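What follows is each chain in one-letter form.
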Amino acid sequence: MRIESDIKLGFKDVLFRPKRSTLRSRSQVELSRTFRFMHSGREWTGVPIIAANMDTVGTFEKARALAEHKMITAIHKHYSEAQWDEFLENADEDLYHRIMISTGTSDNDFDKLCNLLERHPQLYFICIDVANGYSEHFVSFVTKVRACFPDKVIIAGNVVTGEMVEELLLGGADVVKVGIGPGSVCTTRVKTGVGYPQLSAIIECADAAHGLSGQIIGDGGCTCAGDVAKGFGGGADFMMLGGMLAGHDESGGEVVQEGSETFKRFYGMSSSTAMDKHSGGVAGYRASEGKTVKVPYRGPVTNTVQDILGGVRSTCTYVGAAKLKELTKRTTFIRVQEQENRIFG
Ligand code: 5GP
C-alpha cells in the first residue's frame, strides 16, 4: 500500500488572483477557440463548453439551442436511428460541428455507431464514454474506432491521471475526457471510494495531453460559472456540464409539480432510474452509481448559458485575458479555506 500525500485540489479549494489588466469590459473577451485535433487533423472553432451525454441533458432540443451559442451537445446514446434521421433531416453544416455522437463499447454500440456514421457521414465528433476508462478493452475499442474512422474527432474517457491520458491519445483519441466521481448525481466516490479532486485531475491531465498535442475535456463537478472558469484556468480545453444544464425546457426528464413549484427529474446515467429505463434494471453484479433528484424548473437554457458565458468572460477580465485561450497563462490560483459569504444562504 502507498499513500500519495501531495495536496490535490477541487474547484472549491481555490480562487483566481486578480491581475492588472488593460481590458475595459467583459464584452471585449473572446470565448471562441480554434483547435486542430491530433489524429483527425481537423480544425474546429467554437465556444468549448459541452452539454453532457446524459439523457436528461444531451438532447436534440438542447443541441439546437446550444448551437446558437456555438457550444456543443454530446447527444446521449439512447436515441434510435430513426430519431437521428429525423433530427438531421434538414441540418445545416454548422450543426454537425456542435454535436457529438455518444457510444459505449459493446458490440451493439459499435454496430449502431457504424450505421449512424454510414447514414450521416457529416457527423464530426464521436464520444466513446465509459465510467472507467482504465481497462485494456477500452483502449483497444478506441483504437478500433480510430482505424474505422480516421477522419472523425474521437473523444475517449473517463480517466483522471496523466499516464492514462497519454495511453488513450496514443491509442487513437484526439481528446480525453477527465473526471471520475465529481458529478452532481454521481455516487462513485461513496459506492467505491475511488476518485480524484477535479481541479487537480484537470491540471495534471491537461499537462499530459498538451505534451502530445492532444486536448482534454474537464467533465463534471461544476456548480457555478466560477467553477467552469476554474476548469479552463486549470488548463481544460473544453468543459462538460450536466447538472448546470438540467431542469430547462430543452432538458429531458419528467416534469414534477409540487403545489405551485415545478421541478424536472434529473438522474445519473448509472442510477437505477436510468438503468430501469434503458437496460431493464440494475444488473445483479453491479450497484447503481448515480442519484435521482429533482431540480427546480429553469425555463429556456439560453438564460443559463448567458449566465455561464458572462461569468467566464468576467473571470477573463479580472485576470487580464482578452481571449479564453489566454486564461490558463494568466491564471494564478490561491488556495482558500472559504469561498463565498453564506449569510443569506
Ligand atoms: P455534473 O456536471 O452534473 O457535475 O457532472 C456531469 C458528469 O457526471 C457527466 O458528464 C458524467 O461524466 C458523470 N455522470 C453522469 N451520470 C453519472 C452516474 O450515474 N454516475 C457517475 N459516476 N457519473 C455520472
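Residues numbered from 1 in each chain as written. Predicted model: local features only at pLDDT ≥ 70, side-chain atom pairs only at ≥ 80, totals over all residues. Heavy atoms only, no water.

Draft legend 1. Geometry of the confidence of the model for the chain. Considering every residue of the chain, the mean pLDDT works out to 96; 100% of them sit at 70 or more. Across the predicted assembly, pTM comes out at 0.97 and ipTM at 0.98. (pLDDT = per-residue confidence, 0-100.)

Draft legend 2. Spatial organisation of the sheet that holds strand S13 (residues 261–267). Strands sit in the order S12-S13-S14 across an open sheet of three strands; the sheet is antiparallel. The sheet terminates laterally at strand S12 (255–258) and strand S14 (292–296), the two strands that pair on one side only. Averaged over all pairs of adjacent strands, the angle between strand axes in this sheet comes to 40°, irrespective of strand direction. Bridge count between S13 and S14: five bridges; the pairing is antiparallel. Residue arginine 265 lies in a different strand from S14, and its bridge partner there is lysine 294. (Pairing = 2+ DSSP bridges. Helix = DSSP H or I, 4+ residues; strand = E, 2+ residues; numbered from the N terminus. Axes fitted to C-alpha atoms, helices over the stretch in contact; angles between N-to-C directions.)

Draft legend 3. Up close: the sheet that holds strand S11 (residues 238–241). Spatially, S4-S5-S6-S7-S8-S9-S10-S11 is the arrangement adopted by the eight strands of the closed barrel, whose pairing is parallel. Put simply, the sheet's adjacent strands are angled 25° from each other on average, direction ignored. Of the strand pairs in this sheet, strand S5 (residues 72–75) and strand S6 (residues 99–103) are connected by three bridges, and their pairing is parallel. Paired with alanine 74 across the bridge in S6 is methionine 100. Its contacts with the sheet place helix H1 (residues 60–67) against strand S4 (49–51), S5 and S6, and it is angled at close to 165° to S5. (Contact = heavy atoms within 4.5 Å.)

Draft legend 4. Layout of the UniProt feature "binding site: K(+)" (unreviewed entry) in the chain. Within the UniProt annotation, "binding site: K(+)" (unreviewed entry) is assigned to Gly181 and Gly183. As for its position among the elements, glycine 181 is in the loop between strand S9 (175–178) and helix H7 (188–192). Those residues within four positions of glycine 181 in sequence are excluded, and the remaining contacts are Cys186, Thr188 and Arg189. The residue glycine 183 is located in the loop between S9 and H7 in this model. (UniProt positions renumbered as here; feature names shortened; annotations may be inferred.)

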